[in-house]
2 protein chains.
Amino acid sequence: MTRTKNDLFLPDEMRLSEFAKALAHPARIAILKMLAEKNSCICGEIVDELPLAQATVSQHLKELKNVGLIKGEIDGPKVCYCLNTDGIAELRGLWANLEQKVTAKICC
Amino acid sequence: MTRTKNDLFLPDEMRLSEFAKALAHPARIAILKMLAEKNSCICGEIVDELPLAQATVSQHLKELKNVGLIKGEIDGPKVCYCLNTDGIAELRGLWANLEQKVTAKICC
DNA sequence: TAATTTTATCGTAAAATTACGATAAACGAT
DNA sequence: ATCGTTTATCGTAATTTTACGATAAAATTA
């Protein structure tokens, strides 16, 4: 598959770069780890554990949600956040595909 | 100044977020794929295949090099770029660690 | 109903990213 | 030495990201 200068980037490249952008901040990685390790999803707990203001954490949660890595479920006045299995599986597949290509290659 | 309290995150979270930032643009993913698939590393070829100006591609190459995912070796007037096995291995490890945590978790 | 708790959104400012033309620097070839 | 080729860097503009206080919105509680 040759790509000329007029072509856009491939859909998989676009999608993986979106996921990467979502992981491109340590706070968002920390959030994913919290959701995975503690299995507790209340927004307030996440805010309490991060060295960031509530508004900032809310923004990070929104980005993770928009890209499909987490879900938010309203639970009374609170919001329960959790990992989005489908999005994570998609990311795993896209990365595995690239990882397989870039692993064990020798050039210079 | 918008202060970044990045020192309050864990080193692994910081490092993985740096790698993610490097992958957070489709052009840089495309570059890694090119280096892996074609095993040809001349900067000019990369410029020719991407829908971006030479200066912009050079900037992307610099970012990939700075984070440790590729290396550049001067070859006469040209530069031969190639994957950096060590950096890629480090990324694989960091991601595998997070992937293991976030996989197969159920919450909401 | 009013007050409280919880979270999202708005407004805004600083910083970083992305992009490109122009130019410099390095090298081989003439 | 000069020329053409190749790549990096500079300068700069537009856009995006990050951050936070203030405030709105939604649900619970008194």
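Definitions and limits used
Residues numbered from 1 in each chain as written. Chains lettered and ligands numbered in written order. Predicted model: local features only at pLDDT ≥ 70, side-chain atom pairs only at ≥ 80, totals over all residues. Heavy atoms only, no water. Helix = DSSP H or I, 4+ residues; strand = E, 2+ residues; numbered from the N terminus. Contact = heavy atoms within 4.5 Å. Buried < 20%, exposed > 50% of the residue type's maximum accessible area, 1.4 Å probe, protein only. Least-squares fit on C-alpha atoms with pLDDT ≥ 70 in both. Expected span 1.5 Å × (residues − 1). Arc of directions from axis to C-beta. Near = heavy atom within 4 Å. Polar contact = N/O pair within 3.5 Å; in protein donor to acceptor, adjacent residues only side chain to side chain. Nonpolar A, V, L, I, M, F, W, Y, C, P; charged D, E, K, R; others polar. Salt bridge = Lys/Arg side-chain N within 4 Å of Asp/Glu carboxyl O.

(A) Focus on the side chain of Lys33(A). Along the chain, the position of Lys33(A) falls in helix H2 (residues 26–37). Non-local contacts of Lys33(A), meaning those with residues more than four positions away in its chain, are made with Lys38(A), Leu10(B), Glu13(B), Leu98(B) and Lys101(B).

(B) Structural detail: the environment of Asp75(B). Residue and element names in this part refer to chain B. In this fold, aspartate 75 is placed in strand S1 (residues 70–75). A relative accessible area of 44% places aspartate 75 in the partly exposed class. As for aspartate 75 and isoleucine 42, which are separated by 33 residues in sequence, their C-alpha atoms are 8.9 Å apart.

(C) Region of the structure containing the relation of the copies chain A and chain B. Structural alignment of chain A on chain B gives an RMSD of 0.1 Å, achieved by rotating through 180° and translating 0.0 Å along the axis. In short, the pair behaves as if placed about a two-fold rotation axis. Residue Ala20(A), judged by its C-alpha, is the member of chain A lying nearest the rotation axis, at 2.4 Å. Most of the interface of chain A is mirrored in chain B: 94% of its interface residues are interface residues there too.

(D) Highlighting helix H4 (residues 54–67) of chain B. Residue and element names in this part refer to chain B. For H4, built from 14 residues, the straight-helix expectation of 20 Å at 1.5 Å per residue is met to within 8% by its first-to-last C-alpha distance of 20 Å. Residues of H4 that are buried include every one of Val57, His60, Leu61, Leu64 and Val67, and no others. Projected onto a plane normal to the axis of H4, the buried residues spread over an arc of 135° and lie on a single side. Residues of H4 that are exposed and point over 90 degrees away from its buried face: Ala55, Gln59, Lys62 and Asn66.

(E) Looking closely at the protein's contact with DNA strand D. Neighbouring DNA strand D are 28 residues, the closest being His60(A), Gly44(B), Gln54(B), Ser58(B) and Tyr81(B). Put simply, 68% of the atoms of DNA strand D that lie within 4 Å of the protein are in sugar or phosphate. Side-chain polar atom of Lys21(A) to a phosphate oxygen of DNA strand D: 3.3 Å apart, as the coordinates give it. At a separation of 3.0 Å, a phosphate oxygen of DNA strand D approaches a polar side-chain atom of Arg28(A). Contributions of two or more residues to the surface near DNA strand D are made by helix H4 (54–67) of chain A together with helix H3 (43–49), H4 and strand S2 (78–83) of chain B. With five residues, the top contributor of residues to the surface near DNA strand D is H4(A). Looking at side-chain class alone, the surface near DNA strand D contains eleven nonpolar, ten polar and seven charged residues.

(F) Structural context of the pattern of salt bridges. Enumeration according to the criterion identifies twelve salt bridges over all chains in this entry. Here Glu37(B) ties to Lys101(A) by a salt bridge, and the two come within 3.9 Å at their closest N and O atoms. Linking Glu37(B) in helix H2 (residues 26–37) with Lys101(A) in helix H5 (residues 85–102), this pair reaches from one chain into another. Connected through salt bridges with shared partners, the residues Arg15(A), Glu18(A) and Glu90(A) form a single ionic network.

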